[in-house]
Amino acid sequence: MAEGVKPRVKVPKSASAGETIIIKTLISHQMESGQRKDSDGNPIPRSIINRFTADFNGQNVIDVTLEPAISTNPYFEFEATVPESGEFQFKWYDDDGSVYEETKAIEVG
Amino acid sequence: MKLTRRETLITALGAAAAAAIPLPALASVEDAVSAFTGGAEVGEGGIDLNAPEIAENGNTVPIEVSAPGATAIMLLAAGNPRPDVATFNFGPLAASQTASTRIRLAGTQDVIAIAKMSDGSFVRTSKEVKVTIGGCGG
């Protein structure tokens, strides 16, 4: 597991049914592209997050495939519809096999 | 010829390593596009790509892409060592087919977005971004 990986997600605490909400996610990650070389001229191996998904109560909102051209600390902003109260689940898949998860509950009333 | 266990292992490892490197360096924009579209014709319009005209720092260039009615949007950077940037797949709860992120650009180049519409057609757009300092850490 890469060190110091910390997901941050911004989701409103409440919304009305069917409302469109904006979700912002950020995860601290080096996103080593595999293109760089260290001071001895040896290539630094690629180590990135290659997939990000957001689901709400088991239904998919967005599924992103990431390539090395995504910046350090991958940031995503997108919109979701919330039909009912429930929980957003966010997952980041690392090249090394680790999966970082974050959940956010939202109240619909 | 009789293979020892060690020789067999080494051969197998070599084959696995060769299979794991599928010529990424040769992947061109056209290859990436046809892999995404399956060779289908790509139209214009119905897709918006929002990128700065001049990016001072190629390490983080904010990009916003939006294509109402799309099921997936692929981003490409034509001038990067590898053109693939990201592919967004929108699920049933996506309120709009819009996404923003930050990407790396090696230098001044065209950023290309291709959307796959729900009816199976494809549209593309592109925008030139001038980069003052490249983002591939040379």
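Since the model is a prediction, treat every value here as computed from it, not as a measurement. Position numbers for residues count from 1 along each chain, tracking the sequence in the order it is written. Here the convention is simple: chains get letters from A, ligands get numbers from 1, in the order in which they are written. Per-residue local features are limited, in this predicted model, to residues with pLDDT of at least 70; the limit for side-chain atom pairs, both in listing and counting, is 80 or more; totals at the level of whole chains, interfaces and linings are taken over all residues. The basis for every side-chain value is the complete set of non-hydrogen atoms in the structure, without hydrogens or water.

## A short note on the overall build of chain A
(1) Moving on: Helices and strands together make up the secondary structure of chain A, namely 0 helices and 8 strands.
(2) Moving on: Only runs of H or I of at least four residues qualify as helices and only runs of E of at least two qualify as strands under DSSP, and these elements are numbered from the N terminus. Starting at the N terminus and ending at the C terminus, chain A contains elements arranged as β-β-β-β-β-β-β-β.
(3) Moving on: Referenced to the eigenvectors of the C-alpha coordinate spread, the extents of chain A come out at roughly 60 × 20 × 20 Å.
(4) Moving on: We call two residues contacting when some pair of their heavy atoms lies within 4.5 Å. Of the contacts made within chain A by residues no fewer than 6 positions apart, 58% connect residues no fewer than 24 positions apart.
(5) Moving on: Summing over all exposed atoms, chain A offers an accessible surface of approximately 5400 Å²; the carbon and sulfur share of this is 44%.
(6) Moving on: In this tally, Lys and Arg are treated as positive and Asp and Glu as negative; His is ignored, and so are the chain termini. Note on charges: their place is set at NZ of Lys, CZ of Arg, CG of Asp or CD of Glu. Of the side chains in chain A, 11 bear a positive and 18 a negative charge, and the two mean positions are spaced by 5 Å. Here the open area of atoms and residues is found with the Shrake-Rupley method and a 1.4 Å probe, where only the protein chains shown may cover a residue.

## Overview of the confidence of the model for chain B
(1) Moving on: Looking at chain B as a whole, its pLDDT mean stands at 85, while 80% of the residues score no less than 70.
(2) Moving on: The complex prediction reports pTM at 0.83, with the ipTM value standing at 0.91. Note: pLDDT gives the predictor's confidence per residue, expressed from 0 to 100.

## Section: the sheet that holds strand β2 (residues 48-50) of chain B
Sheet strands pair by backbone hydrogen bonding; their relative direction is either parallel or antiparallel.
(1) Moving on: For two strands to be treated as a pair, DSSP must find no fewer than two bridges joining them. Here we have 6 strands laid out as an open sheet, ordered β1(A)-β3(A)-β6(A)-β7(B)-β4(B)-β2(B), and antiparallel in their pairing. Across the chains shown, the open sheet's two edge strands, defined by having one partner strand only, are β1 (7-10) of chain A together with β2 of chain B. Sheet twist, expressed as the mean angle between neighbouring strand axes with direction ignored, is 20 degrees. Between N-to-C directions, angles span 0 to 180 degrees; the directions come from axes that are lines fitted to C-alpha atoms, helices contributing only their stretch in contact.

## Quick notes on the interface of chain A and chain B
(1) Moving on: On the chain B side, the residues contacting the 31 residues of chain A number 28 residues.
(2) Moving on: Here the quantity called buried area is the accessible surface, traced with a 1.4 Å probe, that two parts lose on coming together, added over both. The junction of chain A with chain B conceals about 2400 Å² of combined surface from both sides, 50% of it contributed by carbon and sulfur atoms.
(3) Moving on: Between Lys or Arg on one side and Asp or Glu on the other, a salt bridge is scored when a side-chain nitrogen of the former is within 4 Å of a carboxyl oxygen of the latter. If you look at where chain A meets chain B, you find 1 salt bridge.
(4) Moving on: Its salt-bridge partner being R82 of chain B, residue E67 of chain A comes within 3.9 Å of it at the nearest N-O pair.
(5) Moving on: Think of a polar contact as two N or O atoms within 3.5 Å of one another; within protein, one of them needs to be a possible hydrogen donor and the other a possible acceptor, and neighboring residues in sequence only count if both atoms come from side chains. On the surface where chain A and chain B come into contact, there are 19 residue pairs in polar contact (both at pLDDT 80 or more).
(6) Moving on: If you list the elements that add at least two residues to the side of chain A that touches chain B, you get β3 (19-27), β5 (59-66) and β6 (75-82) of chain A.

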